[in-house]
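Here is how the chains run, residue by residue.
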Amino acid sequence: MLVSTESSEGGATIAVSAVSLAALFALRLLMAKLPAALLIVVSAIGLSWAFDFAAHGIAVVGPIPAGLPSFEIPTPAFADIVRLLPAALGIFLVCFADEILTARSF
């Protein structure tokens, strides 16, 4: 889990979130040509580093592993495949019918 929720006090986290959201909407209204979301994210990272938000009970993203994830082919359990098969068959039939109707129209 990447978000730290060790503190029982969520008011500070909600306050920081509300201020960030309000700033995002204000920037998008007042200065529409600026990349408002990028500015908010970068400024929040800087403020979190400068004021040590985690020490004050504000939930922050923890360490993120560097590099690309390892490549592996997923091997689902047979029970999972059996459970997904009816839904997959239904999706196939709907898509097939849609494509047939589209082909007929051309």
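Quick summary incoming for the structure in this document. As the structure is a prediction and not an experimental result, all values here were calculated from the model.

Cut-off values and rules
Residues numbered from 1 in each chain as written. Predicted model: local features only at pLDDT ≥ 70, side-chain atom pairs only at ≥ 80, totals over all residues. Heavy atoms only, no water. Helix = DSSP H or I, 4+ residues; strand = E, 2+ residues; numbered from the N terminus. Buried < 20%, exposed > 50% of the residue type's maximum accessible area, 1.4 Å probe, protein only. Polar contact = N/O pair within 3.5 Å; in protein donor to acceptor, adjacent residues only side chain to side chain. Salt bridge = Lys/Arg side-chain N within 4 Å of Asp/Glu carboxyl O. Expected span 1.5 Å × (residues − 1). Bend = angle between axes of the 7 residues up to and from the residue. Patch = residues over 30% accessible without salt bridge, like charges linked within 9 Å, V, L, I, M, F, W, Y side chains within 5 Å. Areas by Shrake-Rupley, 256 points an atom, 1.4 Å probe, with all protein chains shown as cover.

So, on to the environment of S43. Looking at the secondary structure, you find S43 in helix α2 (residues 36-51). For S43, a relative accessible area of 35% translates into the label partly exposed. Remark: the alpha-carbon pair of S43 and S20, spanning 23 residues in sequence, is separated by 9.5 Å. At 2.9 Å, the side chain of S43 forms a polar contact with the backbone oxygen of L39.

We now examine the pattern of salt bridges. Using the criterion set out here, one finds one salt bridge in the structure. The residue D80 makes a salt bridge to R83 at a minimum N-O spacing of 2.8 Å. Of the two residues, D80 and R83 are both situated in helix α3 (residues 78-105); the distance of three residues between them amounts to about one turn of the helix. On the accessibility criterion, D80 (30% relative accessible area) is partly exposed.

This next bit is on unusual backbone geometry. Of note, the phi angle at D52 is positive, near 50°, even though the residue is not glycine. Within the secondary structure, D52 is located in the loop between α2 and α3.

Our focus in this paragraph is α3. Residues three or four positions apart in an α-helix share a direction because the helix packs 3.6 residues into each turn. With 28 residues, α3 extends 40 Å between its outermost C-alpha atoms, agreeing within 8% with the 40 Å of an ideal straight helix rising 1.5 Å per residue. The largest bend along α3 measures about 40° and falls at L85, with the proline P86 one to four residues further on.

Bringing a nonpolar patch on the surface into the picture now. Nonpolar side chains collect at one region of the surface, where L29, L30, M31, L34 and L39 lie side by side and expose about 540 Å² of accessible area between them. Topologically, L30 is positioned in helix α1 (residues 11-30).

Our next topic: α2. Its 16 residues give α2 an end-to-end C-alpha distance of 22 Å, which sits within 8% of 22 Å, the value for a rise of 1.5 Å per residue. The positive-phi residue at the C-terminal boundary of α2 is D52, with phi of around 50°.

Any functional reading would require information beyond the geometric quantities listed.
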